[in-house]
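Working through the structure, step by step
Each chain, written out:
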Amino acid sequence: MKLEASATPRVADGRDFPELAVPVVDGAVHAEIYHWAADIFPICRSLTGEGVRKTLGYLQNIVPGITLHEVPTGTRCFDWEIPHEWNIREAFLLGPDGEKVVDFNNSNLHVVGYSLAVDTELDLEELQEHLYSSEDQPDAIPYVTSYYKPRWGFCLPHRTRQQLKPGRYRAVIDASHTNGALSYADYILKGETSEEILLSTYVCHPSMANNEVSGPVVMTALARWLSSLPERRYTYRFVWVPETLGAIAYLSRNIRAMKAQTRAGFIVTCVGDDRGFSFLPSRHGNTLADRVARQVLSETHPQYREYSFLDRGSDERQYCAPGVDLPVASIMRSKYGTYPEYHTSLDDLSMISASGLGGSYETYRQVLTLLEHNHRYRVTTICEPRLGIRNLYPDLQRKEISDDVVPILNLLAYADGDRDLIGLCEITKVRFRDAVPLLRALHREGLVERVPE
Amino acid sequence: MKLEASATPRVADGRDFPELAVPVVDGAVHAEIYHWAADIFPICRSLTGEGVRKTLGYLQNIVPGITLHEVPTGTRCFDWEIPHEWNIREAFLLGPDGEKVVDFNNSNLHVVGYSLAVDTELDLEELQEHLYSSEDQPDAIPYVTSYYKPRWGFCLPHRTRQQLKPGRYRAVIDASHTNGALSYADYILKGETSEEILLSTYVCHPSMANNEVSGPVVMTALARWLSSLPERRYTYRFVWVPETLGAIAYLSRNIRAMKAQTRAGFIVTCVGDDRGFSFLPSRHGNTLADRVARQVLSETHPQYREYSFLDRGSDERQYCAPGVDLPVASIMRSKYGTYPEYHTSLDDLSMISASGLGGSYETYRQVLTLLEHNHRYRVTTICEPRLGIRNLYPDLQRKEISDDVVPILNLLAYADGDRDLIGLCEITKVRFRDAVPLLRALHREGLVERVPE
Amino acid sequence: MKLEASATPRVADGRDFPELAVPVVDGAVHAEIYHWAADIFPICRSLTGEGVRKTLGYLQNIVPGITLHEVPTGTRCFDWEIPHEWNIREAFLLGPDGEKVVDFNNSNLHVVGYSLAVDTELDLEELQEHLYSSEDQPDAIPYVTSYYKPRWGFCLPHRTRQQLKPGRYRAVIDASHTNGALSYADYILKGETSEEILLSTYVCHPSMANNEVSGPVVMTALARWLSSLPERRYTYRFVWVPETLGAIAYLSRNIRAMKAQTRAGFIVTCVGDDRGFSFLPSRHGNTLADRVARQVLSETHPQYREYSFLDRGSDERQYCAPGVDLPVASIMRSKYGTYPEYHTSLDDLSMISASGLGGSYETYRQVLTLLEHNHRYRVTTICEPRLGIRNLYPDLQRKEISDDVVPILNLLAYADGDRDLIGLCEITKVRFRDAVPLLRALHREGLVERVPE
């Protein structure tokens, strides 16, 4: 700041104030997101296979820029190797009287993920070691996988299991383990700079709602919204991968660019139900991703629950791993592992709703809008400017400074060029949704300017 | 610190221990300060005009070094411009029966500050839009100004307003808006170094006590006390200005020197009543001004209330503005805006007292004394010295270390040359008033020395 | 970390994982420690004299590497000077009827430490000024010394004092103040590096248990244990000195080496009773000594009480003094000055126990083991490794990640080479006793490596 007394505020630096307005709730989109979720819910996804491709193809129809990729069986990805592709056509269990006691057609959760093919007869006692159920949730089909050890098995409600009659059973799983590929998709939406915001979700669970389809559909809606904007500051990288191995495979192909360019990232998962919001910070806990998430949640859902990185369980395990160290956090509704329906057939379409999905969509839109606006601003005058002559201050002074003018004075007091917008909101306690129009007015009057990055 | 085993403590470095003793309460001065407050209370001050000059002249009689300055109408001061000078001679409101229902001679709060001159007749209904009163405080005259928009108006108790009879009124305000000046005063009291302590107060409100005359009189008493000392480490800059525009005008003339030299500063305002103490930190919150104020208040008035810089409202708005960034805080009694009498005729001489003003005077004297003493000290011995042979330690060891010796051992333990006296008091929990004589004794024995600045 | 996708984890760096296992409780040693304490309890120790030598000689029989040193009377040690050596052979007080009302043979606490020799008759009234007792603890003999001012005196239970009959008394103290020496001992146990861990205790109190003999015997057991290990990372410096002057004398001879080499240190004192644990931090409060102590105590005795350095009272006063600044803290049972028996004859062998001493021994063994293991580790893979193929992860995925695998995942997530083992335990909340075997397994599999110091 120069110290000469200038007759008028210096001309602002020519950097425009971002056009992007704080989004308003769009209920029609919320209903649409729920519709997409219902469409992809029945597909039988797994770590690999046609179910993943079918799901990604559905989303590609919504956002045509989405690109599908394949990583062939046998490919090394850091410490890992892509396994055989698994596909399943049919599976059932015939009881002693020839009736179907378990049928894959009723729920794709009935088969242990990556089960070996089998067509065999065996007594109930022998069958028991291939059955999985939960005494605690006797009406639910548990979700079980065995990706890396050859096994076959059926999952069923404990109540059903207890009613199985002694005798001879036929177990049929028509599945294949073949050379194939792990499938994933991404979408790179260019912005003014090559600096990137990462959004990542997973597509590897069979028919579950909050902990599977909510993430891909909300993220697809965000991609469509961002692509509809006339301009964007950031480049956006959207990633749909099978959890863990998909993220590892994706990083093995893209880590250099992502480490160089990523400024903030989020795992979009468990965003479908109507319960409260929760937040899982990044490994370091104080990155741009963490700061923007906490600012928005504290404004919009101040009762949100903050977890520790020790409670993590999704692809931040890879993105935040030592040496990868991307600034990736997660804003969720009911976090995986914390709600009773998690990883069972009870996590169905009744768990999620248009308002649940839509609330997550709106929260992420606020987060992305704040990121787009997160510049540093500084005042152009020495001492406070004359707000009265610019219609920003009351002309009659009575007992107290008007409440209306307090936020504008506080923004001016802390717009010293050192703080970004998040920091300015934190210290002034002005909500970002209020700070944006006030700063826009001050910028228009030439009283604040953007600091070059 | 050298590591040789020295036979005796090294000779101290020749830097004297400051002579200044911790002040003792001086009740006679407290009564004198109240007397000054009563003298200047009736003067009609405003942003500009003869009332300001008369007030400053009164204070100059107490401290002859005070210098008056004028900033001519039309002068640009950063984003601002000095307005016409306003003077008022008489104002009244005649009722339908010819009686004076409002008379400026009874209270200078009866006229809206900077009112246009007027001499007109109008009906009660027309008059109402020129009247200001408060339903919440029906017996108080509210304080109202309109510096930057031309208006005229009368302020009166709501109870009086409700009793106004319908009919024809005559409104007379004999005031002038002319080319003139904004008046202020300062006093630069030289010390051993050119490093400065700033004390600033304001002189722009008509007859109000806690939120006007308390500041100028307490600050004048401080100036007289400091000027009476045989020596001072710091140079002191005392500033009496009309609030906001006066501070901006003052900075526009002095900002370079003040930015280079100011080490700590205080806005002396609202220091007259007998309620508790309050503290408003600087914008950064951890400057020397903040640290010294918190240390003294926690010793002398541990129940003091700390506000946030977001609660600010006086000239720290200018002194702490981005790019000005002086280390300026405020120690007050009842803070402006927080007590019911604020900005009304109820803030009269009954609000303040000799003990209220005097307590503030003593607190500021402690603050300034601690600043004068705030050197860094370090021990001259390796390991603890023999205190016993210097009569600083009991010669008989019984169950516990004597409480008397704990503070001296703690001061020695932390006098490592890294901490200033404030830091030493903070970590050892020794009060500064106790630390000064103990360090003086240790210094006399050659056991601690001052670290060169 | 290099970013290439490597087919397998890189070969670890060849640095071995420390062999040292987390110690298991050894009750036989606890009983042995108590036996030593009982043996040295009766010896009459003081600042100097044969009692100190006899005590050190006893410990030398246990750990032959212990070396005795003498600092002659008159030697300057920083600000101090070694006084005459004091030895006492006999002391008693004969009453009017010729009976021994006080006899040094019954308790060596009966004589004021460093008493002048005397053989005189005097009336009870004259005698009173040479008597010391405690009204608050009428059955206890208080511990009193007068090292630096010539005096003579007897200490006795207040109840006994009150029963003294008027009349003529004979006071006899057969003691000598002669040119001699201050005695101390040390033991330097070499390790792989010259970096040192300091353990220091004191040997200058007559017959008291928790606040005297507990420290020397526990430290001797630690020295014996460490010397029995096949290898050690650190060099260990054990120091047995008279408190205060002994530590000052020791530092005056060894400060250069100790400042250059000491990484952490502890005053081993008040480690004998069965009450809770307490912790006195170093002056800076966050050194390696502080961190390792807090980690172990929070794992093993989470109810431990943390004091402030302002509560200090032993040789950390010298080791942590400004300019000495060694990282020295103290893990204790009942801290000196805080328990009723302190510095009286009630602090006898019934105050301490094998389990009290043994618990302290085990806690310090944990501390030293953690220091030996306190390397920085980093993962060798990018992203999480395949734990399943190394039998470190369940092969069947059900509802939740198994609790068994959470600690290993958390250690991997934070093993970024920046944190030492203490930091890794702090952030992952994995106990160090669990982290060591898990890291050992990961190191064996080549998944983590030690970062060069």
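Thresholds applied
- Residues numbered from 1 in each chain as written.
- Chains lettered and ligands numbered in written order.
- Predicted model: local features only at pLDDT ≥ 70, side-chain atom pairs only at ≥ 80, totals over all residues.
- Heavy atoms only, no water.
- Contact = heavy atoms within 4.5 Å.
- Buried area = accessible area lost by both parts, 1.4 Å probe.
- Salt bridge = Lys/Arg side-chain N within 4 Å of Asp/Glu carboxyl O.
- Pairing = 2+ DSSP bridges.
- Helix = DSSP H or I, 4+ residues; strand = E, 2+ residues; numbered from the N terminus.
- Axes fitted to C-alpha atoms, helices over the stretch in contact; angles between N-to-C directions.
- Buried < 20%, exposed > 50% of the residue type's maximum accessible area, 1.4 Å probe, protein only.
- Right-handed = clockwise from strand over helix to strand, strands pointing away.
- Expected span 1.5 Å × (residues − 1).
- Bend = angle between axes of the 7 residues up to and from the residue.

Further remarks concern the interface of chain A and chain C. Quoted interface sizes are often the accessible area lost when the parts come together. The partner chain C presents 35 residues to the 35 residues of chain A that form the contact. Both sides together, the interface formed by chain A and chain C hides about 3,100 Å², and carbon and sulfur atoms give 52% of it. Looking only at chain A, the three residues that lose the most surface to chain C are F78(A), D79(A) and L310(A), adding up to 23% of its buried area. Here chain A is connected to chain C by three salt bridges.

Residues and elements named next belong to chain A. Spatially, eight strands are ordered β1-β10-β12-β11-β13-β16-β14-β15 in an open sheet, and the strand pairing comes out mixed. In this open sheet, the two strands that pair with only one neighbour each are β1 (67–72) and β15 (305–306). Here strand β11 (residues 196–202) runs beside strand β13 (residues 262–267); their pairing, made up of five bridges, is parallel. In the sheet register, E196 faces β13, and the bridge partner there is T262. Taken strand by strand, helix α7 (residues 288–300) contacts β13, β14 (278–280), β15 and β16 (328–332), and its axis lies near 55 degrees from that of β13. Along the sheet, helix α9 (residues 354–373) contacts β11, β12 (235–241), β13 and β16; its crossing angle with β13, the most-contacted strand, is approximately 175 degrees.

Residue and element names in this part refer to chain B. In terms of residue burial, helix α11 (residues 421–428) counts as a mostly covered element, since six of its eight residues are buried. Listed as buried for α11 are L421, I422, G423, L424, C425 and T428. Elements that come into contact with the buried residues of α11 comprise α7 (288–300), α9 (354–373), α10 (406–414), β18 (416–420) and α12 (432–444). Just downstream of α11 lies K429, where phi reads positive at about 60 degrees.

Overall, the coordinates contain 85 salt bridges over all chains when judged by the stated rule. In this structure, D139(A) engages R159(A) in a salt bridge whose closest nitrogen and oxygen atoms are separated by 2.7 Å. In this pair, D139(A) is assigned in the loop between β7 (131–132) and β8 (154–155) and R159(A) in helix α4 (residues 158–162), connecting sequence segments 20 residues apart. Of the charged contacts, one joins R317(A) and E384(C) as a salt bridge, the two residues approaching to 2.7 Å between their closest N and O atoms. Here E384(C) lies in the loop between β17 (376–379) and α10 (406–414) and R317(A) lies in helix α8 (residues 316–319), a pairing that spans two chains. The exposure class assigned to E384(C) is buried, which follows from its relative accessible area of 9%.

A few words now on the sheet that holds strand β14 (residues 278–280) of chain C. All names here are of chain C. The eight strands are arranged β1-β10-β12-β11-β13-β16-β14-β15 in an open sheet whose pairing can be described as mixed. Edge positions in the sheet fall to β1 (67–72) and β15 (305–306), since each of these pairs with one other strand and no more. This element, helix α6 (residues 245–261), spans β1, β10 (181–189), β11 (196–202), β12 (235–241) and β13 (262–267) of the sheet and lies at about 170 degrees to β12.

All names here are of chain B. Counting buried positions over the seven residues of strand β11 (residues 196–202) gives seven, a clear majority of the element. Neither face of β11 is left uncovered, since the one carrying E196, L198, S200 and Y202 and the one carrying I197, L199 and T201 both have all their residues buried. Strand direction decides the pairing type here: β11 and strand β12 (residues 235–241), joined by seven bridges, are parallel. From the neighbouring strand, Y202 faces β12, where its bridge partner is V241. Handedness of the β-α-β unit built from β11, helix α5 (residues 209–228) and β12 comes out right-handed.

The next point concerns helix α6 (residues 245–261) of chain A. All names here are of chain A. With 17 residues, α6 extends 22 Å from end C-alpha to end C-alpha; this agrees with the ideal 24 Å at 1.5 Å per step. The largest bend along α6 reaches roughly 80 degrees and is located at N254. Those residues of α6 lying buried are L245, G246, A247, I248, A249, Y250, L251, N254, I255 and M258.

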